[in-house]
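Chains, contacts and geometry: an overview
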Protein chains: 2
Amino acid sequence: MAKTDVLIIGAGPVGLFAAFYTGMRDLSMRIVDPLPEPGGQLTALYPEKYIYDVAGFPKIRAKELVKNQVDQLAPFHPIYNLNERAEKLEKLADGSFSLITDKGNKYEAAAVIIAGGVGAFEPRKVVAPGIAEFEGKGVQYAVKNLEMYRGKRVLVMGGGDSAVDWVLMLKDVGAKVTLIHRRDSFRAHAATTNQMIAAHDAGEIEILTPYELRRLEGDSKLERAVVFNNATQEDKILEIDEVLSMVGYLSKLGPIAEWGLELEGSRIKVSPVMETNISGIYSCGDICAYHGKLKLIATGYGEAAIAANHAAVIANPSLKFEPGHSSEAKDAPGTKPAVAPVVGADD
Amino acid sequence: MAKTDVLIIGAGPVGLFAAFYTGMRDLSMRIVDPLPEPGGQLTALYPEKYIYDVAGFPKIRAKELVKNQVDQLAPFHPIYNLNERAEKLEKLADGSFSLITDKGNKYEAAAVIIAGGVGAFEPRKVVAPGIAEFEGKGVQYAVKNLEMYRGKRVLVMGGGDSAVDWVLMLKDVGAKVTLIHRRDSFRAHAATTNQMIAAHDAGEIEILTPYELRRLEGDSKLERAVVFNNATQEDKILEIDEVLSMVGYLSKLGPIAEWGLELEGSRIKVSPVMETNISGIYSCGDICAYHGKLKLIATGYGEAAIAANHAAVIANPSLKFEPGHSSEAKDAPGTKPAVAPVVGADD
């Protein structure tokens, strides 16, 4: 079925929660995302990292939060269209919407929620011979599985939080960990930078600054990195198995910029109820902009709930905006809609 | 120490999360609540019930969510002033605030967040002889511990969701469960009402309508309820051990209404950044009002994060509004503030 009540663009944590609340209103939903798995940045960039600022979790690994959200959404039978990028969104004469994807598929919906995070994002790539050749076969842009580095000689490139944090985690796993950074100073938190320097002083890791990558070498697999001191131009050869390139990310709105939405920089302007300038299209999470907007998962969840409950009324005008409280539901979600508030219930 | 950076009024889930985000900004906080335990309605009204609509939890018991939040907040060493009601809030000449409580204590803070839920709430009480006498010794207004009803003969009064839901949970625990309701129809969800009627038809519970309570009787402990059919006025005697009165709740703003805050009905009007009409006083959760406001835990959490991050800048003007992402913190909260965003971090 190519038509659902609500179409959600973005399968990150905020998109998943928008889908969940769409389901709580007993509406059908499709989720489109160019990444191969749900979870957005959490899955693609830092699945193994702990998140500390989601309410109710003193700490939780990013990938576990995503799994929980996928499980929470499952009773509503979401249609996932992963590995598929939203290309063109049009409003039809009857007020509903039609989306064309990069696969040429056409999906229709009564309302749309854009929860696109930072938009299409990709790692910034160092330009040097060998990088492209060993991509995915020795060169990685994110740690998806810490264990794959066990016993390996790892070269980390970068000087921000990601690079420093991962050096500290890799030092207990890898056979040898070397960090190169093109400047002498680090942009990471002072506390973690100091921890890393202490690890260096204790001989646990190697830090080379101001160093850059000249080229990667190897036959069938990655064997060496040639790096150079960018002050002296002197080369140094490192025997390595893996490169972790953490020199930042580039993000862009991509095709969304062409849909006629009012933007603020590269973000989508929304009203206090998360509606864009096009009636029936809502936005939530890091991709939306409004006065006082905070880019946090917790605020994204709240925005998702607001967007979904408003989109629900568009998709089914007989619904009330206020959804009621889930704790009143005797049964789990998906078996019965929750409608009555706890307080004020009388005899 | 009577002065903290931020003073939070209300220890419900939203107040606890406002306190957590205050801590994430490395600021001190005090939480004042008239209830004896943190958790607000979740602890006082439905600790044993499942909540389904908090992001990341397919389901979680209300009391477990509260416990998790208390644990999440603990590293920031919150000062809890429980069993204490905020009575009078004044803005001082230097722009800070002074709160007087019903215990006569005076607490000062640079900024205030009112996360007062539905305000001061209390159960609506049936007026009948014996009710006051057996309150807390046979008459309860909420189930705090399902096990205390094991093997007991329980009279439930009410016809809304709370009454019906608890009858369904008590039938497997109590020796005998009787529901009286003053009308013939129920206001609870159709699905759960039907479950209850099926349990009645199977002889598992007793339902008496249209019945009301005439009086409770007993010597040292509750022994009998005299109820009457309000159509025929005929009395009926029930041998019981416990009464669970679930005929609704009354809520009111209480002293907060006198603080000069702009109200919308019995809620506090806030700007898009959760600020009230008095600069430095913020509000979030069910007690606040703005266009498009949804009374959900998920939206309350988002509002709490916004309120706390704005209050943080008031309390410490050298802080930036945007807090950065917790997943960048190598260590757990409380050990190091998180400041840098994930995306855009470069080398």
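These figures come from a predicted structure and were not determined experimentally.

Looking at the side chain of S283 of chain B
All names here are of chain B.
- Mapped onto the elements, S283 comes out in strand β21 (residues 281–283).
- Within the structure, S283 has its side chain in polar contact with the backbone oxygen of I114 (distance 2.9 Å).
- For S283, the residues in contact, after removing those within four places along its chain, are I114, I268, V270, M274, T276 and C288.

Examining the pairing of strand β2 (residues 29–32) of chain B
All names here are of chain B.
- Of the two faces of β2, the one carrying M29 and I31 and the one carrying R30 and V32 are both buried.
- Looking at chain direction, strand β1 (residues 3–9) and β2 are connected through four bridges and run parallel. In the sheet register, I8 faces β2, and the bridge partner there is I31.
- Regarding topology, helix α1 (residues 13–24) serves as the crossover connection from β1 to the parallel β2, and that connection is right-handed.
- In this sheet, strand β5 (residues 79–81) lies alongside β2 in parallel orientation, the contact comprising three bridges. Bridging across to β5, R30 finds its partner in I79.

What about the sheet that holds strand β15 (residues 224–229) of chain A?
Residues and elements named next belong to chain A.
- The sheet built from three strands is open, its strands ordered β14-β15-β16 with antiparallel pairing. Every other strand in the sheet has two partners, leaving β14 (211–217) and β16 (235–239) as the edge strands with one partner each. This sheet shows a mean twist of 30° between the axes of neighbouring strands, independent of strand direction.

Considerations on helix α7 (residues 297–315) of chain B
- In this model α7 of chain B runs 26 Å from its N-terminal to its C-terminal C-alpha over 19 residues, within 8% of the 27 Å that 1.5 Å per residue would give.
- α7 of chain B sits mainly inside the fold: 17 of its 19 residues count as buried.

Digging into helix α6 (residues 190–201) of chain B
Residue and element names in this part refer to chain B.
- When the terminal C-alpha atoms of α6 are compared, their 16 Å separation across 12 residues agrees well with the 16 Å that a helix rising 1.5 Å per residue should span.
- Of all the positions in α6, only T192, T193, M196 and A199 are classed as buried. Axial view of α6: buried residues confined to an arc of 115°, hence all on one face. Counted as exposed and oriented over 90 degrees from the buried face of α6: A190 and D201.
- Looking at the buried positions of α6, the neighbouring elements they touch are α5 (161–170), β12 (176–180) and β13 (206–208).

Observations regarding the packing of α1 of chain B against α7 of chain B
Residue and element names in this part refer to chain B.
- Between α1 and α7, the least distance of the axes is 8 Å, while the angle of their chain directions is 35°. Here α1 runs over α7; the crossing is right-handed. Taking contact as the criterion, the partners of P13, V14, F17, A18, Y21 and T22 in α1 are, on α7, G300, Y301, A304, A305, A308 and N309.
- Per-class residue counts for the contact of α1 with α7 are nine nonpolar, three polar and no charged.

Side note on the environment of A2 of chain A
Residues and elements named next belong to chain A.
- On the secondary structure map, A2 appears in the segment before β1 (3–9).
- As for A2 and R30, which are separated by 28 residues in sequence, their C-alpha atoms are 8.9 Å apart.
- Setting aside anything within four residues of it in sequence, one finds A2 in contact with R30, K106, Y107 and E108.

Some remarks on the environment of G39 of chain A
- With respect to the helices, strands and loops of the structure, G39 of chain A is situated in the loop between β2 (29–32) and α2 (41–44).
- The spatial distance from the C-alpha of G39 of chain A to the C-alpha of V70 of chain A is 8.7 Å, given a sequence separation of 31 residues.

Examining the packing of aromatic side chains
Residues and elements named next belong to chain A.
- Per the counting criterion, the structure on display carries 13 aromatic pairs over all chains.
- When the centroid spacing of 5.6 Å and the interplanar angle of 80° are considered together, the rings of F20 and Y21 count as edge-to-face.
- Taking the relative accessible area as the measure of exposure, F20 reaches 1% and is therefore buried.
- Linked through ring pairs, F17, F20, Y21, F76 and Y301 together constitute an aromatic cluster.
- Above the face of the Y50 ring, K59 is positioned so that its terminal group lies 4.2 Å from the ring centre.

Details of the sheet that holds strand β19 (residues 263–264) of chain B
Residues and elements named next belong to chain B.
- Reading across the sheet, the three strands line up as β19-β20-β22 and stay open at both edges, with mixed pairing between neighbours. Looking at the sheet topology across the chains shown, the edges are occupied by β19 and β22 (288–289).
- Pairing between β19 and strand β20 (residues 267–269): two bridges, direction antiparallel. What sits directly across from E264, in β20, is R267.

Regarding the nonpolar core
- Residues F17, I51 and I113 of chain A together with F17, I51 and I113 of chain B are the most contacted members of the largest nonpolar core, which totals 110 residues.
- If near-sequence neighbours (up to four positions away) are discounted, I113 of chain B is found in contact with V6, L7, I8, I9, A18, T22, Y282, C284, A307, A308 and A311 of chain B.

Topic: the environment of E204 of chain A
Residues and elements named next belong to chain A.
- Among the structural elements, E204 can be located in the loop between α6 (190–201) and β13 (206–208).
- In this structure the C-alpha to C-alpha distance between E204 and T178, which are 26 residues apart in sequence, comes to 9.6 Å.
- In contact with E204, other than residues within four places in its own chain, are K171 and A199.
- Polar side-chain contacts of E204 include one of 3.3 Å to the side chain of K171.

Parameters at a glance
- Counting restarts for each chain: residues are numbered from 1 in the order of the written sequence.
- Both sets of labels track the order of writing: A upward for chains, 1 upward for ligands.
- Where local features are concerned, this predicted model is filtered to residues with pLDDT of at least 70; where side-chain atom pairs are given and counted, the filter is 80 or more; whole-chain, interface and lining totals use all residues.
- Note that the side-chain values use all heavy atoms of the structure and ignore hydrogens as well as water.
- Numbering of helices and strands starts at the N terminus; helices are DSSP runs of H or I of at least 4 residues and strands are runs of E of at least 2.
- Each polar contact in these results corresponds to two N or O atoms within 3.5 Å; when the atoms are within protein, one needs to be able to donate a hydrogen and the other to accept it, and residues that are neighboring in sequence are counted only if both atoms are side-chain atoms.
- Residues count as neighbours in contact if any of their non-hydrogen atoms are within 4.5 Å of one another.
- Each residue is assigned to one of three classes by its accessible area relative to the maximum for its type, calculated with a 1.4 Å probe on protein chains only: buried under 20%, partly exposed between the two thresholds, exposed over 50%.
- Only when DSSP finds a minimum of two bridges between them are two strands counted as paired.
- Here is how to tell: hold the view so the strands point away, follow the path from the first strand over the helix to the second, and if it runs clockwise the crossover is right-handed.
- For helices, the axis comes from a line fit to the C-alpha atoms of the stretch in contact; other axes are also lines fit to C-alpha atoms, and the angle between any two N-to-C directions lies between 0 and 180 degrees.
- Between the first and last residue of a helix there are one fewer steps than residues, each counted as 1.5 Å, and that sum is the expected span.
- Arc definition: directions from the helix axis to the C-beta atoms.
- With the far helix as reference, a near helix turned anticlockwise by less than a right angle produces a left-handed crossing, and one turned clockwise produces a right-handed crossing.
- By the convention adopted, Pro, Cys, Tyr, Trp, Phe, Met, Ile, Leu, Val and Ala count as nonpolar, Lys, Arg, Asp and Glu as charged, and the other residues, Gly among them, as polar.
- Two rings from Phe, Tyr or Trp (for Trp, the six-membered ring) form a pair when their centres sit within 6.5 Å of each other. Planes less than 30 degrees apart are called stacked, planes more than 60 degrees apart edge-to-face, and all others tilted.
- Only Lys NZ and Arg CZ are tested; either one counts as a charge over a ring when it is within 6 Å of the ring centre and within 35 degrees of the ring normal.
- What makes a nonpolar core is a set of buried Ala, Val, Leu, Ile, Met, Phe, Trp, Tyr and Cys residues whose side-chain atoms join them at distances within 4.5 Å.

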